[in-house]
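# Observations on chain architecture
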Amino acid sequence: MFESLIGLVAIIALFVIISRQQSRIGLIERELGALRSLVLSGAVPFAARPSEQEAAEGEAYTAPVAAPAVDIAPAAISEPAPVQATQAEIPAAESVPGPWSTPEATPKTSEVAPAAVAKAARQSDVETALGTRWAVWVGGIALALGGLFLVRYTIEAGIFGPGVRLTMAAVLGLVLVAAGEFIRRTGFKVPVQGAAGAYIPAILTAAGAFILFGTVYAAHGVYGFIGPALAFTLLGAIGIATIAAALVHGQALAGIGLVGAMVTPVLIASQAPNPWALFGYLAIVLAATGVIARMRDWKALMAAAFFGTGIWTILYMTDAPGANLSAILFIDTVTLAVLALVWLSSRGDGTGPARSFDWPSIVPGLFVAFSALGLSVDLVFAAAGDALPGAVLLMVMVAVALYRPLALPLLYAAGLATVLIYLGIIPPTSIASDFSSGALGVDGVPLATANVLSLRLGIGLGVVFIAAGLWAARRFAASAQIRAASWAAWGVIAPLVILLALWFTFGNLDRDFVYAAVAALLVVVFAAGGECIARAEEPPLRGGVAVSFALGGAAVAGLLMLHMAFDSGWTTTLLGATAIVPALATRWRSYPVLGWISVAAVIAVLGRVAFDPTIVGAEFLSMTPVFNWLLPGYGVPALAFGFAAWQLANTTDGRPRLAMEAAAALFALLTLAMLVRHAMHGGVINSDAPTLAEQAIYTLIAIGAGAILIAIDRRSPSSVLRYGSMAVGVVSVAFVVIQHFLVLNPLFTDESTGRIPVLNLLFLAYLLPAVAAGGLALYSRGKRPKWYSAMLALVAALLAFAYATLSVRRLFKGEFIGLWSGLGQLETYTYSALWLVIGVALLTAGVWLKSQVLRIASAGLIAVAVLKVFLFDMSELEGVLRALSFIGLGAVLIGIGLFYQRLLTRAAKEKR
């Protein structure tokens, strides 16, 4: 089983190596083909200085000579680097032909066919790869496996005792390491360019380290010759020594040593594990790796070291009942210290645009933040440390990010962990975890951290984020905008989340003036901080992203203040009124964010209205018409939004101004619609059952919004406003056709039309939408496509027709006009007369307005009246009503004929 496993690993490694080299060979062949074409065409002149021997022998190629091994040792083993050499470094007789050989001047007497040149180049390239790189790589693997197989064979054959076998394996490992160092020190040369990737000293050293790891583990785990402490020490020393040897052998060897060092605690088992021994060892490995990685700028090695240390920390924390809190804090502190004092000690301040952050810092940021989160929300750790250690870790992370600007990921990790911790103390949905069972979830039980200490720690963390965030944002405002924006963002997000969580957990949700005062203080601090950041910008007072975050935080703090200090009605009203404040501020500062803060106030008010259309709650809304909470709840925001739009038009005049104009018009319509609905339904405005009155309000709002968008588009043309206005018009027409005419028509539903003769449901649902649609059709003529105006005009005519017809029905039937109550003869005759009158009115309006749609609608309605008279009235009416029906129809038709004749005669005269 052991040999099969080793053989499988060797086969996989060999397959990976061969695949990689095949891709390189293909690339080289393509490059050689292009180069050969240029040479044969004469586009590339030959520049060569052949030696006397080469000139005499007429050779076509000479080989470049590799630089000394000491010059190429720091390069990565897996990445071949071009090797430059001079002619004098190697005799011409030792030249080796290869694919990178410099072509010499070919004698005129020897002509080589292109196909033969290509074949020779390919053969030389394959020979170079097989003889230099592949042989070295496979040989290194074979040496490492051979040492293990030798030990295995002596065990099975019983040739030597365990001690002798282990001694032989150790000697082999040391010999390989010594051989690698000897070859490196004696001036190892790579005679073929590209073979530097198969650096023999590094491969021999790696094979020796591999054998030494296996020997020490066998001495402890298989034979028990040495104890856990000595085995642990030896394996760690081998790992650290291998990492140190990477300074002269390359990063790949450092990776091998790091993997061995991180796996060592797994290989050495102990009946009584000591966390201080584990984390002390990890601290040494991490520090040594950090020093070496910094000297060679090996980012991947440093990130791997942080990753291994973090994994060990989390694995240890999963054993929560026996976890040592001090040991966890120790390794987290060492991780941050290595990051700040070792890895980032000589990497500059990162103020340039290309140095926004150091990506290896992401790894320790995530693991330390997760550790702080576990210490704060896990019940066992919270009970042991009262949530204080987690908060201290978060503060240290912020301090490191402030001390080392390139460690910006630590700020994000600390901010995210703080947000999760304090959202978790909000009952009843608390974020909880149980590291002993590896669970992290949400439950309904408040955590043990929701106590007075968490309140104090929240205040401390909030102050730290505010102070560090605003100070750093001002520091980097002119030189590093992304970093400044990051600090400003977390400087407002974390304190606001903490304030919200503490209010929900410890405050009075109805009204709490203490937390409202804190929120008001945050408004002042964030606004002043935004002004300070703006003054540090280049050019000053530009209002960049960092300033936008600070002022946006002030706006959110103001919103929280209103919710904490006032009830629902006053909150909605004052929130709408506060849209004036940022608009007025544009008189002194032209920050782009100010207008959008006003728009955010609109969104907040819309959210509150959608959540509670009654403003104060249905049970507290007065039944008095007009003078109730609906008037200030909708009217004050409408006035405030209108004033803000006017102010923005005089200062910044951008998209926020358009949004404020639309919001002002929308809330004006909502104010009227809600007051009408309140008066009609006796103080009830939110009902689950849909009604025609409610739908009529929605239709009026849609039509009004379409007109508003057209007006805004005329002042500030925009494709969004253009197509948006047409979309709103189409939606309003769909409302009319589906809801007004079919689904909610009182003729079919028998809904009460109200007791008032004129101002009733028919007035609200048919006449007002008819007037609105007609006005929009008239207003949109010449501003929108003809089909749009024609559609609205037709709908307006149909609504007017429906209002008139249903009003006649109500005149005869009363409050309820359901179709199943039948038709009387006088009612039937009235419909005929009414439709004829409406047809004549539409004809007159169509001629006056020069609207073909109205004239066609008039013709259609009169045609319907004719059919009704001949098909229905003839059979249903009797006596004088039947005669009057036909007489009236005839008179109207003759009058229409005379009218058209006169109209056509006048048109003919005008043409002459």
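Residues numbered from 1 in each chain as written. Predicted model: local features only at pLDDT ≥ 70, side-chain atom pairs only at ≥ 80, totals over all residues. Heavy atoms only, no water.

Turning our attention to the confidence of the model for the chain. For the chain, the mean per-residue pLDDT works out to 74, and 67% of the residues sit at or above 70. For the stretch residues 429–449, pLDDT sits under 50, and the model shows 52 contacts to residues farther than four places along the chain or on other chains. (pLDDT = per-residue confidence, 0-100. Contact = heavy atoms within 4.5 Å.)

Moving on, we come to the side chain of S725. Position of S725 among the secondary structure elements: in helix α26 (residues 719–743). Residue class for S725 comes out buried when judged on its relative accessible area of 0%. Filtering out sequence-adjacent residues up to four positions away, S725 remains in contact with G706, L709, I710, R784 and Y788. (Helix = DSSP H or I, 4+ residues; strand = E, 2+ residues; numbered from the N terminus. Buried < 20%, exposed > 50% of the residue type's maximum accessible area, 1.4 Å probe, protein only.)

Quick look at the side chain of D612 now. Looking at the secondary structure, you find D612 in the loop between α22 (592–611) and α23 (630–650). Among buried charged residues, D612 stands out as having no salt bridge; its nearest opposite-charge side chain is R608, 6.0 Å away. Side chain to side chain, D612 and T614 meet in a polar contact 2.5 Å long. Residues in contact with D612, not counting those within four places in the same chain, are S568 and G617. (Lys, Arg positive; Asp, Glu negative; His and termini not counted. Salt bridge = Lys/Arg side-chain N within 4 Å of Asp/Glu carboxyl O. Polar contact = N/O pair within 3.5 Å; in protein donor to acceptor, adjacent residues only side chain to side chain.)

On to empty space enclosed by the protein, then. Under the counting rule described, the total for this entry stands at five cavities of 30 Å³ or more. Volume-wise, the largest cavity comes out at about 90 Å³. Lining the largest cavity we find 12 residues, and of these S376, A387, I421, Y422 and L457 sit closest to its centre. For the lining of the largest cavity, the secondary structure elements donating two or more residues are α14 (388–403), α15 (408–423) and α16 (452–476). In the lining of the largest cavity, the residues fall into eight nonpolar, four polar and no charged. Taken as a whole, the second largest cavity encloses approximately 60 Å³ of empty space. If you go around the second largest cavity, the residues you meet are A477, Q481, A484, A485, I533, E537, R542, G544, V545 and A546. Broken down by element, the residue count for the lining of the second largest cavity peaks at three residues, all from helix α17 (residues 481–506). Its residues placed into classes, the lining of the second largest cavity shows six nonpolar, two polar and two charged. (1 Å grid on protein atoms, 1.4 Å probe; cavity = no way out; pocket = protein on both sides within 12 Å on 5 of 7 lines; lining within 4 Å. Points joined across faces, edges and corners; volume = space filled by probe spheres on them. Nonpolar A, V, L, I, M, F, W, Y, C, P; charged D, E, K, R; others polar.)

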